Amino acid sequence: MSADATQRAPQGRTLSAAPGSAGLARRAWPWLVAIVAALLLPWLFFDWSTHRHSGFALTMLSEIGLMAIFALSFNMQMGQAGLLSFGHAILFGLGGYCAAHTMNAVKAGAMWLPVELVPLVGGLGGLLFGVLFGYVATKQRATAFAMITMGLGELVAACALMFMGFFGGEGGISTDRVIGISLFGVSYSSSWQVYCLVVAWTAIAVLLMRLQTQTPLGRMANATRDNFERAQFVGYDPRMVRFCQFALSGFFAGIGGGLYAIVYEIVTFDTVAAAKSATALLAAYIGGAGGFFGPFLGTIVVVLLQSGVSLLSNAWLLYVGVLFIVMVMYAPGGLVGIIAQHAPIARAGRLRELIVPYVRILLPGAFSVFGFVLLVELASFTTIGAAQGKAFKIGPQAVDPATAFPWLLGAAALIGGGLWLRLEARGFRARWDALMADAKAKGVML
Amino acid sequence: MSNAISLRGVTKSFGRTEIIRGVDLDIPHGQRHAMIGPNGAGKTTLFNLISGRFSLTSGTIELNGRSIDGLAPHEINRLGLSRSFQITSIFPRLTVFENIRCGLLWARGYRYSFWHLLGGQRALNEEADRLIERLNLEDRRNVPAGLLSYAEQRALEVGITVAGGAEIILLDEPTAGMSHSETEYAVALIRAVTEGKTLLIVEHDMSVVFGLADVITVLVYGEVIASDVPARIRGDKAVQEAYLGTEAA
Ligand SMILES: Nc1ncnc2c1ncn2[C@@H]1O[C@H](COP(=O)(O)OP(=O)(O)OP(=O)(O)O)[C@@H](O)[C@H]1O
Ligand SMILES: [Mg+2]
């Protein structure tokens with residue numbers, strides 16, 4: 001539920017007293033598994049007939065990696081320090097511009113730097129601007145902080161179109177990652193090589209951010225979030241805590257931006273724009289700002305919708321928006337919050353009893369989602385799709401959106417599914433409450 | 001220099017109303033000093049002035065002979081003054097252990113470090129655990145502080161305050177709302193952790209006050225009407241009229 005939920009159990013006396021090699025190994029293996037899985041994943045999309053990786057899959061996975069860094073760095077402010085920023089992308093984008101200019105300078109022979117360290121330059125750029133903007137923004141908190149970051153976001157976005165030299169105007173700054181200098185003798189001319197670099201940097205950045213939560217600064221960021229006044233009376237200046245946290249978060253956002261520059265070989269105005277900031281916010285909320293890995297989960301969902309669904313539908317952004325609203329309304333703890341809520345029932349050993357109730361609500365849920373998607377797609381087809389000269393299909397069956405049938409079908413599925421869901425939800429809630437009461441009675445709530 | 005806390009002509013007004021009306025008070029090092037007075041007398045306001053939460057309207061406050069004029073609360077804390085709150089003020093989403101450790105961090109020199117991993121700071125963690133044991137909260141060590149019972153939160157509040165080992169400790173009604181046995185335990189604890197330190201405590205429970213304090217100050221309507229050893233406060237006519245009389249009745 002909170003950033004410390006994950007630390008509550010294991011970090012007790014045994015671990016803090018003896019961080020021996022056994023404890024280290026136990027904590028290291030999930031990371032190793034994740035890294036290996038990330039490296040194996042693209043092979044699922046490998047085309048064995050042509051012996052080529054799927055460019056689409058690699059780009060999407062790279063995007064997940066760099067956006068996860070970005071979303072987690074956003075959560076260093078929001079989840080950890082309680083600072084809601086509407087302009088976080090400026091730190092990401094400016095890091096990206098710094099990285100792009102650096103690669104161009106290396107390519108031109110003006111300086112020496114291996115490609116592997118370019119994300120670090122992005123990070124330092126992010127840190128520099130984090131210090132600069134943090135100095136202004138972190139004097140305030142809550143609403144005032146949100147407003148200042150919004151203003152800074154607009155300011156940088158406006159600058160991006162004004163200062164051609166650094167931002168390259170509308171066209172952005174193009175660059176070339178094949179700069180010929182590498183620590184490992186890799187050219188980075190293929191997406192697979194780039195993806196490996198992204199995985200490495202994502203692992204480093206996520207690990208460092210994770211460790212940062214366990215430092216005095218990270219803890220005091222939580223403390224000032226919970227009760228900034230009390231923090232003062234234990235000797236901490238909450239402004240200084242916010243400032244340091246903001247600047248560090250800029251460092252990590254900049255690493256994400258640096259990777260962006262390497263992956264796409266162009267950094268444009270979009271990277272500093274408000275929509276980019278909103279993406280971090282969406283990912284953090286959908287995944288759950290309260291747990292460390294929430295924004296990572298959220299990023300996977302958002303990028304899949306963005307890259308996957310956008311291939312099939314013009315309305316992907318609408319789906320992200322609806323998902324966001326549904327999450328904020330019904331699961332403010334995000335996906336990790338939903339998972340965490342099941343923990344007591346799992347500890348009581350009765351998770352299995354939820355399978356049937358889940359199936360019973362997922363069925364009508366799927367109906368209403370189908371109805372909703374059908375209606376949205378019909379609407380979007382009549383306005384955009386038709387102009388693109390495509391045919392409208394439900395599964396393999398082509399239907400004419402000009403007739404009443406598909407519209408009625410969509411409405412029926414949406415309304416019928418919704419009513420059915422309401423009915424089933426009652427039974428589900430009763431089952432859930434009973435299991436929770438049992439968990440409470442067994443004393444396994446925490 | 002021999003006074004830990006020294007107030008001269010301290011006044012505080014909120015708008016037109018003057019809440020603190022010219023308080024002079026000297027608390028020597030190592031003294032346990034209790035402040036009593038009816039509700040709304042301005043005891044908490046005085047605490048807020050001494051700890052830097054409010055700024056003075058006029059007068060001076062010195063800690064160890066140093067004026068605290070214009071200092072922020074965290075700067076005053078770093079001079080060696082720590083306070084608790086009448087209305088419980090803890091870090092609700094952090095565990096009991098984390099709460100206590102937050103009370104220790106600055107005092108142990110960790111500052112804004114992002115290069116120390118707290119899990120590996122053995123001395124620090126053991127110190128926090130020792131205090132948790134003394135607070136009788138070891139069963140609740142890993143529970144978010146917001147989920148504690150009221151009495152437990154009050155104990156934690158005192159714990160956060162004394163964790164860093166500040167030389168001057170201000171406690172604002174630490175036992176309010178506790179049961180009789182809890183109060184007894186808390187008083188013993190307060191006595192132990194403030195050994196050799198300067199304590200200023202606001203308390204309504206007269207048995208606590210008379211049992212604990214070396215000197216008692218009576219504050220009524222923002223003015224000190226008496227400040228003396230307990231025996232003489234008990235016999236003071238003005239005090240009985242203004243305060244103790246109503247309390248005893
Ligand atoms: N921030 C504030 N703004 C305006 N008035 C205030 C403020 N703080 C306190 N007061 C007023 O000052 C007076 C003294 O309040 P204070 O809290 O210091 O009393 P107290 O002696 O601590 O009382 P209690 O025993 O109830 O805790 C009260 O009348 C209160 O309403
Ligand atoms: Mg009070």
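These numbers come from a predicted model, not from an experiment.

The rules we used
- Residues numbered from 1 in each chain as written.
- Chains lettered and ligands numbered in written order.
- Predicted model: local features only at pLDDT ≥ 70, side-chain atom pairs only at ≥ 80, totals over all residues.
- Heavy atoms only, no water.
- Helix = DSSP H or I, 4+ residues; strand = E, 2+ residues; numbered from the N terminus.
- Rg over C-alpha atoms; globule rule 2.2 N^0.38 Å.
- Buried < 20%, exposed > 50% of the residue type's maximum accessible area, 1.4 Å probe, protein only.
- Contact = heavy atoms within 4.5 Å.
- Pairing = 2+ DSSP bridges.
- Axes fitted to C-alpha atoms, helices over the stretch in contact; angles between N-to-C directions.
- Expected span 1.5 Å × (residues − 1).
- pLDDT = per-residue confidence, 0-100.
- Donors = N, O, S within 2.8 Å, 3.2 Å for Na, K, Ca; no water.
- Buried area = accessible area lost by both parts, 1.4 Å probe.
- Salt bridge = Lys/Arg side-chain N within 4 Å of Asp/Glu carboxyl O.
- Polar contact = N/O pair within 3.5 Å; in protein donor to acceptor, adjacent residues only side chain to side chain.
- Core = buried A, V, L, I, M, F, W, Y, C linked by side-chain atoms within 4.5 Å.
- Near = heavy atom within 4 Å.
- Areas by Shrake-Rupley, 256 points an atom, 1.4 Å probe, with all protein chains shown as cover.
- Nonpolar A, V, L, I, M, F, W, Y, C, P; charged D, E, K, R; others polar.
- Parallel < 35°, antiparallel > 145°, perpendicular 65-115°, else oblique.
- Left-handed = near helix turned anticlockwise from the far one by under 90°.

### What to know about the overall build of chain A
Then step 1. A tally of regular secondary structure across chain A gives 18 helices and 4 strands.
Then step 2. Scaling as 2.2 N^0.38, a compact globule of 446 residues should have a C-alpha radius of gyration of about 22 Å, and chain A matches this with 24 Å.
Then step 3. With respect to the principal axes defined by its C-alpha atoms, chain A has extents near 65 × 60 × 50 Å.
Then step 4. Among the 446 residues that make up chain A, the fraction classed as buried is 48%.
Then step 5. Across chain A, contacts joining residues at least 24 apart in sequence account for 77% of those joining residues at least 6 apart.

### A look at the sheet that holds strand S3 (residues 32–36) of chain B
Residues and elements named next belong to chain B.
Then step 1. Taken together, 6 strands build an open sheet; the order of strands is S6-S7-S8-S3-S9-S10 and the sheet is mixed. Edge strands, defined here as strands with exactly one partner in the open sheet, are strand S6 (81–83) and strand S10 (223–228). The mean inter-strand angle of the sheet, taken between neighbouring strand axes irrespective of direction, is 15 degrees.
Then step 2. The pairing of S3 with strand S8 (residues 198–202) spans 4 bridges and is classified as parallel. Paired with Ala34 across the two strands is Ile201, which belongs to S8.

### Some remarks on helix H12 (residues 274–287) of chain A
Residues and elements named next belong to chain A.
Then step 1. Between the first and last C-alpha of H12 there are 20 Å, a value that for 14 residues agrees with the 20 Å anticipated at 1.5 Å per step.
Then step 2. Here H12 lies mainly inside the structure; 10 of its 14 residues are buried.
Then step 3. Those residues of H12 that sit buried are Lys276, Ser277, Thr279, Ala280, Leu281, Leu282, Ala283, Ala284, Ile286 and Gly287.
Then step 4. Structurally, H12 contributes buried residues whose contacts are with helix H4 (55–81), helix H5 (89–107), helix H11 (238–264), helix H13 (294–312), helix H14 (316–330) and helix H15 (334–341).
Then step 5. Immediately downstream of H12, the backbone of Gly288 shows phi near 115 degrees, a positive value.

### Examining the confidence of the model for chain B
Then step 1. Scored by pLDDT, chain B has a mean of 93; 97% of the residues are at 70 or more.
Then step 2. Here helix H9 (residues 237–248) of chain B stands out as the least confident element of chain B, with mean pLDDT 68; helix H3 (residues 96–105) of chain B is the most confident, with 98.

### Regarding the coordination of the magnesium ion (ligand 2)
All names here are of chain B.
Then step 1. Coordination sphere of the magnesium ion (ligand 2), protein contribution only: Thr44 (OG1) and Gln86 (OE1), at 1.9 to 2.0 Å. On the criterion of sequence distance, the pair formed by Thr44 in helix H1 (residues 43–50) and Gln86 in the loop between S6 and H3 is long-range, its members being 42 residues apart.
Then step 2. Classification of Thr44 by relative accessible area gives partly exposed; the value is 24%.
Then step 3. When its relative accessible area of 32% is taken as the criterion, Gln86 is described as partly exposed.

### Brief notes about the interface of chain A and chain B
One widely used convention gives an interface's size as the accessible area the parts lose upon coming together.
Then step 1. Between chain A and chain B, the residue contacts involve 36 residues of the former and 45 residues of the latter.
Then step 2. Summed over both sides, the interface of chain A with chain B buries roughly 3,600 Å², with 59% coming from carbon and sulfur.
Then step 3. Counting every contact that joins chain A to chain B gives 3 salt bridges.
Then step 4. Between Glu229 of chain A and Arg53 of chain B there is a salt bridge whose closest N-O contact spans 2.8 Å.
Then step 5. Inspection of the chain A/chain B interface yields 17 residue pairs in polar contact (both at pLDDT 80 or more).
Then step 6. Secondary-structure elements contributing two or more residues to the side of chain A that touches chain B are helix H2 (13–17), helix H10 (216–232) and H11 of chain A.
Then step 7. Looking at the side of chain A that touches chain B element by element, the count peaks at 13 residues for H10 of chain A.

### Notes on the nonpolar core
Then step 1. Grouped together as the largest cluster of nonpolar side chains are 128 residues, with contacts concentrated most on Phe133, Met220 and Tyr236 of chain A together with Ile100, Leu156 and Ile216 of chain B.
Then step 2. Looking at this core element by element, the count peaks at 14 residues for H11 of chain A.
Then step 3. Leaving out residues up to four positions away in the same chain, Met220 of chain A has contacts with Ala231, Val234, Tyr236 and Val241 of chain A together with Cys102 and Leu105 of chain B.
Then step 4. Listed in part, the 23 residues of the second largest apolar core include Ile5, Leu49, Leu81 and Ile168 of chain B.

### Considerations on the site of ligand 1
Residue and element names in this part refer to chain B.
Then step 1. Around ligand 1 sit 13 residues in total, of which Gly42, Lys43, Thr44, Thr45 and Gln86 are the nearest.
Then step 2. In this structure, Ala41 approaches ligand 1 through a main-chain N or O atom, which is 3.2 Å from an oxygen atom.
Then step 3. When ligand 1 is considered free in solution it has 630 Å² of accessible area, and contact with the protein chains removes 62% of it.
Then step 4. Tallying contributions element by element places H1 first for the shell around ligand 1, with 3 residues.
Then step 5. When grouped by side-chain class, the residues that make up the shell around ligand 1 number 4 nonpolar, 7 polar and 2 charged.

### Re the sheet that holds strand S2 (residues 17–28) of chain B
Within a beta sheet, neighbouring strands are joined by backbone hydrogen bonds and run either parallel or antiparallel to one another.
All names here are of chain B.
Then step 1. If you trace the 4 strands from one edge of the open sheet to the other, you get S2-S1-S4-S5, paired in antiparallel fashion. Two strands bound the open sheet, and with one partner strand each, they are S2 and strand S5 (66–67).
Then step 2. As defined by bridge partners, strand S1 (residues 3–14) adjoins S2 across 9 bridges and the pair is classed as antiparallel. Among the inter-strand pairings, Ile5 is bridged to a residue of S2, identified as Ile27.
Then step 3. Of the strands in this sheet, S1, S2 and strand S4 (58–63) touch H1, which is tilted by about 115 degrees from S1.

### Overview of the packing of H12 of chain A against H14 of chain A
All names here are of chain A.
Then step 1. Two numbers describe how H12 lies on H14: the axes approach to 9 Å, and their chain directions differ by 45 degrees. Viewed along their axes, H12 and H14 adopt a mutual orientation that is oblique. The handedness of the crossing between H12 and H14 is left-handed. Contacts from Leu281, Leu282, Tyr285 and Ile286 of H12 reach H14 at Val320, Leu323, Phe324, Met327 and Val328.

### Section: the pairing of S3 of chain B
Residue and element names in this part refer to chain B.
Then step 1. Within S3, 5 of the 5 residues are buried, which leaves it mostly tucked inside the rest of the structure.
Then step 2. Residues Arg32, Ala34 and Ile36 point to one face of S3 and His33 and Met35 to the other, with burial holding for every one of them.
Then step 3. Pairing between S3 and strand S9 (residues 215–220): 4 bridges, direction parallel. The residue of S9 that forms the bridge with Ile36 is Val218.

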